[in-house]
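If you want the building blocks of each chain, they are given just below.
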Amino acid sequence: MRKMKTRYSLVVNCWILTSALALASIALALDGQVGIHDPSTIVMCDGKFYTWGTGGNGLVSDDGWTWRRGTNLPRTGLAPDVIHIGDRYYVYVAANSGVTKAAINLISTKSLDPNSPDCKWEEGGVVASSDGVEDSNAIDPGVFLDPNDHRLWLVYGSYFGYIRLVELDPKTGKRLHPGDEPRNLAINCEASDLIFHDGWYYLLATHGSCCRGADSGYNIRMGRSRKVTGPYIDQTGVDMILGGGKLLVGSGSRMIGPGHFGLLDLGDGVQTFSMHFEADLDRGGASVLDIRPLLWKDGWPLAGENLKEGAYEIESARTGTALELAVEGMPVGGRAGRGGGGRGAFGGSGAGRGAFGASGGARGAGPGAGGGGRGMFAGTGTPIPPQDVAQVSANWPAGKIDVRMANYLSQAQQKWTISAAPNAGGYPGAPYFKITIAGTDRALAVGDDAELVALPAFTGGPEQLWRIEQLTDGTWRIMPKSVPNSKDALAISAIGSSFATLSKFDPASDKHRWVLRMQ
Amino acid sequence: MNTSMKAHGPRRAAPDNSGTHAKPRCAATSCACSSEVNFKTSLLPLVVVAGAALLAVVAVAQVPPVTLINSPAAAKAPDADGFIRGWFLLEPIPALGLTDNAVQSIVKKEYFPEQFTVIPKDGNKVTVGGTELTWHSVETKNYNVNLFHFARALGKETSNVLFWAVTIVNCPQEMRDVRLAIGSNAASVWWVNDEEVIGIYGDRQTVIDDGVSKRLTLNKGPNVIRGAIVNGGGATDFCVRFLGADDKPLKGFTAGPGEIRR
């Protein structure tokens, strides 16, 4: 049994922890054997995910979360890249025969599964090269199929001179017009790749130094252009051929030196990207594969974050209301009256305070808040601790409880702990999660009627496992691993302000978009 | 669950949908308001007492229900957005409380015989706590049914009250996987063919599709929709429609106050 790897990036100490609210913010890294350097773009073949790194080392995964060693490429070299066109996979592998003398070779196959009879690698020859004199180093290929006109392009290069662009034949993967001069797109970078989004071509390339462990300055930068042939300009107006580049992702607290961008589009508006980090400090500084959400803002890609474990408000982007158990809530600090009696409506604790009871007729919560002479809006004068879920849940039904939505008031039935479900597998970049009311084992699940329900305890069933993916606008899609009596892939949908259901994900609707606010 | 006060605050005259203001409430259990029907307009002196002190004597107008008309029992297609505009409404019953448990207790209490099964007729009367209350067949001009207009036109209390609403939905064929979608000011509980399908609680404003039921089936022929709306203070109204399996407003049926024809 593999032990899931967790990363403790932040621990918030709560001075009054009246319940078992999990306030630790835990980032999750890919599981399994993820050691790799210069990974190719991740591709799928027969339901499996594949990538290869420098040296031809392969990784394979059944779900995109847990990885294992795969078979090596028949041609080894530097930083391969791969693309699936029609019924073939085209792999481009580079090798240096001198400092800047290099060649990029094509190999192709119908299947990436070594056990498939269709896995027959064929050599396709050299598609680009550098002669050791010219101002380029023909390694680090990045292959790109233009979705607009289906022309196939290859970018390549590494520090010694320019990042270059040549056109390939999408029918064969080979070089188109070998006599044409390559176009220079960028300089002072390597590991380039192209993507297209909303009328713009983006050139992503890795700046900084590699191969020095935690001292590696690798970081992924980008420029954009209206034409695939450039020029690629960063957000400050500097051409990448002059060294420009807007940062996409740099080092984090425990992951150092990201490089070798590869787009992994999961469809329905969900995009992720792969890369390697030169040094994973939690794995002894090893170079590892990682997958992150790819967001978009103001016309530029933005590196998202995989979900961190912790306690959250789950708020609908559509309605602004939050998922909660359908139980009567208790205001944090207790139920206040509405004036009258001996205590002000907002007067906090203490006897004899009037509704607007500050002395001298002043109204409430001015400078006197927290001190003597408390008025209607002055509070108690002391911090109010978080709600004790053990106390308030004593009034909740013992069995299944319906789930609904309401205005968020920081009450116990509205706080959900999201944590990785052990040994439950995952999806590209993240494990399946369980979602429980913070401080309890009451688990969000899908009932037999394909509606949300909270079970008394988490038992690990697929209807209790959740796939939580960040969408390109930064909101989240929440999908159960499976729905009883249904083969459809459904997502939680805010069909009403006070009610959520499950329905087929619609990328154009905000009903399936959720804001996760850590509590 | 929302247990907060309305935005306009407690015991403060609140703007209603017509731009007028809610009257100060009288004690729910001692309301001496008129029980006239048919939305007659008159003036009604109202004495507001706080504690033992006489604070004010004001004249409260029975304002015509500008958004409602007395409607003959008739079933009509829902409006362009799917809202059901025709309803039987019972004059308000004093009720106090908006939390989940309080509302459930209020709506489950039996105030008059056959309360949970009756299909009323316009002008039918029931007696609640010694007060005779009348069922009215109404049609709203808007997507929502303005209960404040309804009660005010009758000189009835609008705050801390319970309204019962009933309508009949006639379906040409069975309709599966539809949902009842409601909004209400304030809390409300709803039944379809005697089964409770939605409850929304707390002091809240009417929002279209606020409460949405789980998937349900409407029978071919008549289906009884019954709602209980509990108001705290100020404005009060509700809106009701069905959503189809595609989450869009359901059409292809008629609805309104009427008799069940079998």
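Criteria and thresholds
Residues numbered from 1 in each chain as written. Chains lettered and ligands numbered in written order. Predicted model: local features only at pLDDT ≥ 70, side-chain atom pairs only at ≥ 80, totals over all residues. Heavy atoms only, no water. Contact = heavy atoms within 4.5 Å. Buried area = accessible area lost by both parts, 1.4 Å probe. Salt bridge = Lys/Arg side-chain N within 4 Å of Asp/Glu carboxyl O. Polar contact = N/O pair within 3.5 Å; in protein donor to acceptor, adjacent residues only side chain to side chain. Helix = DSSP H or I, 4+ residues; strand = E, 2+ residues; numbered from the N terminus. Nonpolar A, V, L, I, M, F, W, Y, C, P; charged D, E, K, R; others polar. Disulfide = S-S within 2.5 Å. Buried < 20%, exposed > 50% of the residue type's maximum accessible area, 1.4 Å probe, protein only. Pairing = 2+ DSSP bridges. Core = buried A, V, L, I, M, F, W, Y, C linked by side-chain atoms within 4.5 Å. Axes fitted to C-alpha atoms, helices over the stretch in contact; angles between N-to-C directions. pLDDT = per-residue confidence, 0-100.

The next point concerns the interface of chain A and chain B. Listed as interface residues are 27 residues of chain A and, on the opposing side, 25 residues of chain B. Between chain A and chain B, roughly 1900 Å² of surface is buried when both sides are summed, and carbon and sulfur atoms account for 44% of that area. Ionic pairing is found between Glu451(A) and Arg215(B), a salt bridge with its closest N-O pair at 3.1 Å. The tally of links from chain A across to chain B stands at 15 residue pairs in polar contact (both at pLDDT 80 or more). Mapped onto the side of chain A that touches chain B, the elements with two or more residues apiece are β26 (401-406), β35 (490-496) and β36 (499-504) of chain A. Of the residues forming the side of chain A that touches chain B, the biggest block, four residues, is contributed by β36(A). Class assignment for the residues of the side of chain A that touches chain B results in nine nonpolar, nine polar and nine charged.

To continue, consider the state of the cysteines. Applying the stated criterion across every chain, the model contains one disulfide over all chains. Disulfide pairing is shown between Cys210(A) and Cys211(A); the S-S distance is 2.2 Å. Its S-S torsion of about -70° marks the bond between Cys210(A) and Cys211(A) as left-handed, since a negative value means left-handed. No disulfide involves Cys119(A); its nearest neighbouring cysteine sulfur is the one of Cys45(A), lying 8.2 Å away. Free of any disulfide, Cys171(B) has its nearest neighbouring cysteine sulfur in Cys239(B), separated by 19 Å. Residue classification places Cys171(B) among the buried residues on the basis of a relative accessible area of 5%.

Residue and element names in this part refer to chain B. Taken across its eleven residues, strand β9 (residues 161-171) has eleven buried, putting it largely inside the fold. Here β9 shows two buried faces, one formed by Val161, Phe163, Ala165, Thr167, Val169 and Cys171 and the other by Leu162, Trp164, Val166, Ile168 and Asn170. Pairing analysis gives two bridges linking strand β4 (residues 86-90) to β9, with the strands arranged antiparallel. Residue pairing for β9: Leu89 is matched across the bridge by Ala165. Pairing of β9 with strand β15 (residues 221-231) involves eleven bridges; the strand directions are antiparallel. Its bridge partner being in β15, Cys171 is matched across the sheet by Gly221. Two elements, β9 and strand β17 (residues 254-256), share three bridges in a ladder whose sense is antiparallel. Bridging from a neighbouring strand, Val169 pairs with Ala255 of β17.

Quick look at the nonpolar core now. The biggest cluster of nonpolar side chains holds 73 residues, and the ones touching the most others in it are Leu323(A), Trp466(A) and Ile468(A). Per-element accounting of this core gives the leading share, five residues, to strand β22 (residues 286-297) of chain A. By size, the runner-up hydrophobic cluster in this structure holds 33 residues, among which are Leu154(B), Cys171(B), Trp190(B) and Phe238(B).

Before going further, it helps to examine the pattern of salt bridges. Following the criterion strictly, the structure yields 32 salt bridges over all chains and no others. Between Asp402(A) and Lys214(B) there is a salt bridge, and its shortest N-O distance comes to 3.0 Å. In this pair, Asp402(A) sits in strand β26 while Lys214(B) sits in the loop between β13 (211-212) and β14 (216-218), so the two residues belong to two different chains. Overall, the relative accessible area of 38% leaves Asp402(A) in the partly exposed class. Judged by its relative accessible area of 29%, Lys214(B) is partly exposed. Measuring nitrogen to oxygen at the nearest pair gives 2.9 Å for the salt bridge that ties Lys108(B) to Glu196(B). With Lys108(B) in helix α1 (residues 100-108) and Glu196(B) in strand β12 (residues 195-200), the pair connects residues that are 88 residues apart, well separated along the chain.

Bringing the environment of Glu313(A) into the picture now. All names here are of chain A. Position of Glu313 among the secondary structure elements: in strand β24 (residues 310-316). The spacing of Glu313 and Leu516 is 203 residues in sequence and 5.8 Å in space, taken between C-alpha atoms. With residues up to four places along the chain from it excluded, the contact list for Glu313 reads Ala322, Tyr408, Gln414, Val515, Leu516, Arg517 and Gln519.

All names here are of chain B. Structurally, the position occupied by Gly123 is in the loop between α1 and β6 (125-128). For Gly123, a relative accessible area of 34% gives the class partly exposed. Expressed as a C-alpha distance, the spacing of Gly123 and Trp191, which sit 68 residues apart in the sequence, is 23 Å.

So, on to the side chain of Lys511(A). The topology assignment puts Lys511(A) in the loop between β36 and β37 (514-518). Of note is the side chain of Lys511(A), whose polar atom sits 3.0 Å from the side chain of Asp247(B). Ignoring anything within four residues of it in the chain, the contact list for Lys511(A) reads Arg318(A), Ile492(A), Ser493(A), Ala494(A), Ile495(A) and Asp247(B).

Turning our attention to unusual backbone geometry. The amide bond that connects Gly230(A) to the next residue, Pro231(A), takes the cis arrangement and shows omega of 5°. Secondary-structure assignment places Pro231(A) in the loop between β18 (219-225) and β19 (246-249). A cis geometry characterises the amide bond from Asn185(B) onward to Ala186(B), with omega recorded as 10°. Position of Ala186(B) relative to the elements: it lies in the loop between β10 (175-185) and β11 (187-192).

Before going further, it helps to examine the sheet that holds β22(A). Backbone hydrogen bonds are what pair the strands of a sheet, in a parallel or an antiparallel way. Residues and elements named next belong to chain A. Spatially, the four strands line up as an open sheet ordered β20-β21-β22-β23, and their pairing is antiparallel. Looking along the sheet, the strands with just one partner apiece sit at the ends: β20 (255-267) and β23 (300-303). On average, each strand axis in the sheet is tilted by 35° relative to the strand beside it, whichever way the strands run. Where β22 meets β23, four bridges bridge the pair, whose relative direction is antiparallel.

Residue and element names in this part refer to chain B. Of the residues in chain B, 76% have a pLDDT of 70 or more, and the chain-wide mean is 81. Low pLDDT, under 50, characterises residues 1-37; the predicted model gives this stretch 99 contacts beyond four residues in sequence or across chains. Predicted confidence is poor over residues 40-60, with pLDDT under 50, and the contacts of this stretch with residues over four places away or in other chains come to 31 contacts. What the predictor reports for the complex is a pTM of 0.84 with an ipTM of 0.80.

Here the focus is the side chain of Ser216(A). Residues and elements named next belong to chain A. Mapping Ser216 onto the fold places it in the loop between β17 (200-207) and β18. Of the polar contacts made by the side chain of Ser216, one reaches the backbone nitrogen of Arg212; its length is 2.8 Å. A distance of 2.9 Å separates a polar atom in the side chain of Ser216 from the backbone oxygen of Gly213. In contact with Ser216, not counting residues within four places along its chain, are Ser209, Cys210, Cys211, Ile256, Gly257 and Glu278.

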